[in-house]
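Observations on the three-dimensional arrangement
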Amino acid sequence: MANSETPISFSRQGREIASPVIVDLMARALANPDLLSLAAGFTDNAVLPRELVGRFATELTASTSADEPLQYGQNQGRQRLRELSCAAIEAHPGERAGVFDPAAMFITNGSQQALYLAVQALCDPGDIVLVEDPSYFVCLEMLKGLGLRPVGIPCDAEGGILVDGLAECLRELDTAGERSKVKAIYLVSYFCNPSSRSLAADEKRAVADVLLREGYPIPVIEDAAYRDLYFDAPHPAASIISMPEFDPFPKLYLGTYTKPFATGLKVGYGYCTHEEWKEKMLCIKGHQDFGSPHFAQAIIERVLDAGLYPQHLAGIQQHYARKARILDSALLAGGLRDAGWQWAAPKGGLILWLRAPAEMDLRMESAFCQNCIEQGVLYVPGDLCFASGTPWNCARLSSGALPEVKLREAAERFVAQALRSV
């Protein structure tokens, strides 16, 4: 039916906003069962915590209480869940004991909401956020959707931050008169999406040193969404919250129970050391939803309080380690490395980051990508992960969602198309 209503005059954001690529990728994966998706970062249905969720959902609905989980909750999130989440962060290697205060913690609809709130509170259209190159493509899309400019920090081929390149980038922004527009730096520190690498402690210290030396004491946002999804051992570097080198900076640490527990519950959190920044984020959150889903929070709180979360993590860590090996082995067995493709076997997370020969074009609109889709396999084009949109010869593959047999089949389809394109 044609829309006969009077046209609307949209805001700048309304005029420029576009549907996120991740929504399109997820829709394709769900709509076509014959299309094997190595794109959307779904978790595996086989290891969803059905027993734990069912058990505590039953308990929570068995009787009424003063703390009714089916009622509205606090805008900042459940107090006990915030306490337990602080303890969970503190349990990681290198974290300072007694540093984490539940008053600085707030619960969100996945860590993505916390990131959105943070940027909304800090930035006006035209402002700049520094990001690794490559970085989390959903964040890059969000920044551009808000009218902001992500500026890539130079990184090496493996995704390691080039500290001298960061210093030069800051000087160039200063020379261009854009110092006042640089509002934050965003780091994906643990099993990064997309590069799968983690930032070493010395690397983090160097970033803090350069920012201070160049006169940029800007807010630092650390995304730790994959921190719990290590395979053999946790990454030893402490968070920015526990590192003295970051004491001069306003800091926001992002964590989640979405990827490591249940994506459908959509419970994440932010931990902010700057009181005014935190309160601004909570004000915006209050306008959005005045509190993340109380019942989902209560389920995760019960799991943590019962001491069952570490056991759950141990099981999924082994599961995703095996799936990463399957994808890695299938790519190797198919001859992809012999054809000039490069990647590193991940030590955690759900992602493999591939670099094709330099002359290849893997963008969404490329013949390679369209041929992959026609052959029944989907991936994330790597150019989406760079602030500049280049290079074009990278691909992000996710090992998380597909059953093992389908994962091998998807890898075979991808390799077959890659070898035809050499």
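What you see is a predicted model, and the numbers here were worked out from it, not measured in a lab.

Okay, the nonpolar core next. Formed by 71 residues in total, the largest nonpolar core has its most connected members in Leu130, Ile185, Tyr257 and Phe261. Residues within four places of Phe261 in sequence aside, it is in contact with Leu48, Pro49, Leu52, Val53, Ile300, Val303, Tyr309 and His312. Listed in part, the 70 residues of the second largest apolar core include Cys123, Ile221, Leu254 and Met360.

With that settled, the discussion passes to the pairing of strand 6 (residues 220–223). Here strand 6 shows a buried face lined by Val220 and Glu222 and a second buried face lined by Ile221 and Asp223. Strand direction decides the pairing type here: strand 5 (residues 182–188) and strand 6, joined by four bridges, are parallel. What sits directly across from Tyr186, in strand 6, is Ile221. Taking the sense of rotation as the criterion, the β-α-β connection linking strand 5, helix 8 (residues 201–213) and strand 6 turns out right-handed. Two elements, strand 6 and strand 7 (residues 251–256), share four bridges in a ladder whose sense is parallel. Its bridge partner lying in strand 7, Asp223 is registered against Leu254.

Turning to the UniProt feature "domain: Aminotransferase class I/classII large" (unreviewed entry) in the chain, a few remarks are in order. With numbering aligned to this structure, UniProt lists the feature "domain: Aminotransferase class I/classII large" (unreviewed entry) at residues 67–414. Across residues 67–414 one finds 37% helix and 14% strand; the C-alpha atoms that close the span lie 51 Å apart.

Before going further, it helps to examine the environment of His92. Within the element layout of this structure, His92 appears in the loop between helix 4 (79–90) and strand 2 (105–108). Setting aside residues no more than four positions away along its own chain, His92 makes contact with Arg227 and Asp228. For His92, the side chain forms a polar contact with the side chain of Asp228, separated by 3.1 Å.

So, on to the packing of aromatic side chains. Going through the model one piece at a time under the given rule, you end up with 13 aromatic pairs. For the pair Tyr257 and Tyr309, a centre-to-centre distance of 5.7 Å together with 75° between the ring planes defines the contact as edge-to-face. One end of the pair, Tyr257, is in the loop between strand 7 and strand 8 (268–272); the other, Tyr309, is in helix 11 (residues 309–333), with 52 residues separating them in the sequence. The buried category is assigned to Tyr309, whose relative accessible area is 6%. Among the aromatic side chains, those forming a connected cluster through ring pairs are Tyr257, Phe261, Tyr269 and Tyr309. Lying across the ring of Trp343, Arg337 places its NZ or CZ 4.1 Å from the centre. Arg363 extends its terminal NZ or CZ atom over the ring of Trp392, reaching a point 3.3 Å from the ring centre.

Conventions adopted
- Positions within a chain are numbered from 1, following the residues in the order the chain's sequence is written.
- Local features in this predicted model are restricted to residues whose pLDDT is 70 or higher, and side-chain atom pairs enter the listing and the counts only when it is 80 or higher, whereas totals over whole chains, interfaces and linings include all residues.
- Only hydrogens and water are set aside; all other atoms, that is, all heavy atoms of the structure, feed into the side-chain values.
- The definition of a nonpolar core used throughout is a set of buried Ala, Val, Leu, Ile, Met, Phe, Trp, Tyr and Cys residues joined through side-chain atoms within 4.5 Å.
- Throughout this description, buried means an accessible area under 20% of the type-specific maximum (1.4 Å probe, protein chains only), exposed means over 50%, and partly exposed covers the range between.
- Residues count as neighbours in contact if any of their non-hydrogen atoms are within 4.5 Å of one another.
- Helical segments are the DSSP runs of H or I of at least four residues, strand segments are the runs of E of at least two, and each set is numbered from the N terminus.
- Whether two strands pair comes down to DSSP finding at least two bridges between them.
- When the strands point away from the viewer, a crossover counts as right-handed if the path from the first strand over the helix to the second runs clockwise.
- UniProt positions are given in the numbering used here, feature names are shortened, and annotations may be inferred rather than shown by experiment.
- Counted as a polar contact is a pair of N or O atoms within 3.5 Å, where, for protein atoms, one must be capable of donating a hydrogen and the other of accepting one, and residues adjacent in sequence contribute only when both atoms are in side chains.
- The aromatic pairing rule takes the rings of Phe, Tyr and Trp, using the six-membered ring of Trp, and pairs them if the centres are within 6.5 Å, calling planes under 30 degrees apart stacked, those over 60 edge-to-face and the rest tilted.
- When the NZ atom of lysine or the CZ atom of arginine is within 6 Å of a ring's centre and also within 35 degrees of its normal, the charge is said to sit over that ring.

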